Amino acid sequence: MRTRLVIVFLVPLIAILLSLGGATGLSAARSIQQALYTEQLGDLGYFVTSARQALSSGSATVIEGEARRFQDVYGIEVVVFDLTGAAWATSDPGLEVLADDEAERVRLALSGRRAEAPEPAFPWIIPDTGMVEPVFDDGDVIGAVMITADVEAPRAAILQQMLVLGAIAVVSIILGVLLVFQLARWVLSPVRRLDEAMIAIERGEMHARVSEDTGPPELRRMTRVFNGMAEEIERVLARQQEFALNASHELRNPLNALLLRVEHLSTGLGPEWQGDVEETREEGRRMARILETLLGLARRGQADSMFSAVDLAVVATRRADAWREVAAQRGIVFRFVGESAVVSVTDRTIVESALDAVIDNAVKFSPEGGAIEVGAHRDSDTAVITVRDHGPGLPDDQVGSATDRFWRSADSGDTPGSGLGLAIATDLLSSIGAELSVSSPEGGGLMVALQVTEGVIA
């Protein structure tokens, strides 16, 4: 954005400076040319008067002396021609043959045509030619005078003007560049600070704010709105963390007391109850791990993932067994498919919590007396847990919305739920680099796959 802003300001500025500098330089060069031609015309008028007197008297001595002194002082060559076109008097005794264009101008002057002002030329190519004026006596042409000025001096003057204007243009462009960069910095400084603050908030630094004392008024207003939004987000997160902290803390003590009572009761039960007691212990320990995860999330804003080698096939079997009694109330049974052992390095608690949300969803939408297929398998370097129900399923155009928060199919009817189950499972899995996918398999129902790719063990 800064580059585009600099280009938008800088390109027109440089174009204007170059245009003004070029126009000024050309005007100055034309002025120098015009001054040279004006001086030539003045000198030409003087020598026309002297040439009239000399030609009338027939003596070239006086005018030749004046012409030579004039050339010595000013470096301007003077030649007087008679009616035949021959050089009658000259400031340079070694005058060579005239060039064709000069000879043509002398012929025109002898025919009575007065000298015309030269056409304007580019500053660096001032024509090195002379001017010719006819000499009249009582209305008759008696000769012509040609003067040729040295153009080195005006060329040097034009070059000096160009150098001065070029230096001024360069300095102006440099100042313009500095001004534009400062302007861009002033305009974009709030945007840069907003970007830095958003990155800081994304990293969890919720106290990040942006100063409101610089930049244009429009951006200052945007800064104030951002600071207000950040403060509101910080307050909401603080309330959420406080709620999670209080809830998990208040639940931990009753859970520990419940586990102690289970241990106490198990001492008075026969061997036939040992399986149920062990399942109760496992559920209690799992709930304790979930509470510890909530506590860590509430304290630090993110859960500490405890990665270890986990057999996902065993996890799928145990979680399905934990839901067996709930499913049995509607005559739903679990079928185990896939491989017998699929080991992956992952967070067991998060995978179990996500799998619970998926199984809960499958139980809700399975028809009475139906079956839910649960299993695990390995697909290349990905360990996958699949849960398939045989309920109404979803059309292909709605499958992508199944993991959106609070989304429910229009065909869900009176089935209880808030539309958060699969969304929560998706968020949990993304925290450990895993994914959740939903598809509509052949034969109806819904297939949900938990794909764990982080640290898979072969």
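Note that the structure is predicted; figures quoted are calculated from it, not measured.

Looking now at the sheet that holds strand S10 (residues 435–439). Pairing is mixed across the open sheet formed by 5 strands, whose spatial order is S6-S8-S9-S11-S10. Looking along the sheet, the strands with just one partner apiece sit at the ends: strand S6 (333–338) and S10. Recorded for the sheet is a direction-independent mean angle of 20° between the axes of neighbouring strands. In the packing of helix H9 (residues 348–365) onto the sheet, contacts are made with S6, strand S8 (371–379), strand S9 (382–389), S10 and strand S11 (446–452), and the angle to S9 comes to roughly 20°.

In a regular helix each residue adds 1.5 Å, so 18 residues correspond to 26 Å; H9 covers 26 Å between its end C-alpha atoms and thus fits that length. Among the 18 residues in H9, 14 count as buried, and that is most of the element. A side-chain oxygen of the first residue of H9 lies 3.0 Å from the backbone nitrogen of Thr349; this N-cap is Asp347.

This brings us to the environment of Thr3. One can find Thr3 in helix H1 (residues 2–57). Residue class for Thr3 comes out exposed when judged on its relative accessible area of 56%. Expressed as a C-alpha distance, the spacing of Thr3 and Phe181, which sit 178 residues apart in the sequence, is 9.5 Å.

It is worth spelling out the packing of aromatic side chains at this point. Evaluation of the coordinates by the stated rule reveals 3 aromatic pairs. Taking the centre distance of 5.1 Å and the plane angle of 80° together, the rings of Phe47 and Phe70 count as edge-to-face. Of the two residues, Phe47 sits in helix H1 while Phe70 sits in helix H2 (residues 61–74), which places them 23 residues apart along the sequence. Of the residues examined, Phe47 reaches a relative accessible area of 1% and is grouped as buried. Judged by its relative accessible area of 13%, Phe70 is buried. Ring plane angle 45° and centroid distance 4.9 Å describe the contact between Phe70 and Tyr74, whose orientation is recorded as tilted. One end of the pair, Phe70, and the other, Tyr74, are both in helix H2, 4 residues apart, so they sit about a helical turn from each other.

What the 4 strands build is an open sheet, ordered S2-S1-S4-S3; its pairing is antiparallel. At either end of the open sheet lies a strand with only one pairing partner, and these are strand S2 (87–90) and strand S3 (131–137). Averaged over neighbouring strand pairs, the angle between their axes works out to 25° when direction is ignored. As judged from the 5 bridges shared by strand S1 (residues 77–81) and strand S4 (residues 140–148), these two strands associate in the antiparallel manner. Pairing of Glu77 across the sheet is with Thr148, part of S4. Packed on one face of the sheet, H2 meets S1 and S2 and runs near 50° to S2. Of the strands in this sheet, S1, S3 and S4 are in contact with helix H3 (residues 100–110), which crosses S4 at around 150°.

A residue-level look at the chain finds 86% of positions with pLDDT of 70 or above and a mean pLDDT of 80. Per-element confidence in the chain ranges from a low mean pLDDT of 69 for helix H6 (residues 274–300) to a high of 93 for S9.

A grouping of Val170, Val171, Ile174, Leu175 and Leu178 is seen on the molecular surface, where their side chains present a nonpolar patch of about 460 Å² in accessible area. Tracing the backbone shows Val171 in helix H4 (residues 152–202).

Further remarks concern the pairing of S11. Burial within S11 is extensive, with 5 of its 7 residues counted as buried. Two strands pair when backbone bridges link them, and S9 and S11 are joined in this way by 7 bridges, in the antiparallel orientation. Bridging from a neighbouring strand, Ile385 pairs with Leu450 of S11.

A few words now on the pattern of salt bridges. Tallied over the entire structure, the rule returns 9 salt bridges. For Arg209, the salt bridge goes to Glu231, with nearest N and O atoms at 4.0 Å. Of the two residues, Arg209 is situated in the loop between H4 and helix H5 (217–266) and Glu231 in helix H5; the sequence distance between them amounts to 22 residues. Members of the salt-bridge network, linked through shared partners, are Arg209, Glu231 and Glu234.

Criteria and cut-off values
- Residues numbered from 1 in each chain as written.
- Predicted model: local features only at pLDDT ≥ 70, side-chain atom pairs only at ≥ 80, totals over all residues.
- Heavy atoms only, no water.
- Pairing = 2+ DSSP bridges.
- Helix = DSSP H or I, 4+ residues; strand = E, 2+ residues; numbered from the N terminus.
- Axes fitted to C-alpha atoms, helices over the stretch in contact; angles between N-to-C directions.
- Contact = heavy atoms within 4.5 Å.
- Expected span 1.5 Å × (residues − 1).
- Buried < 20%, exposed > 50% of the residue type's maximum accessible area, 1.4 Å probe, protein only.
- Polar contact = N/O pair within 3.5 Å; in protein donor to acceptor, adjacent residues only side chain to side chain.
- Phe/Tyr/Trp six-rings, centres within 6.5 Å; stacked < 30°, edge-to-face > 60°.
- pLDDT = per-residue confidence, 0-100.
- Patch = residues over 30% accessible without salt bridge, like charges linked within 9 Å, V, L, I, M, F, W, Y side chains within 5 Å.
- Areas by Shrake-Rupley, 256 points an atom, 1.4 Å probe, with all protein chains shown as cover.
- Salt bridge = Lys/Arg side-chain N within 4 Å of Asp/Glu carboxyl O.

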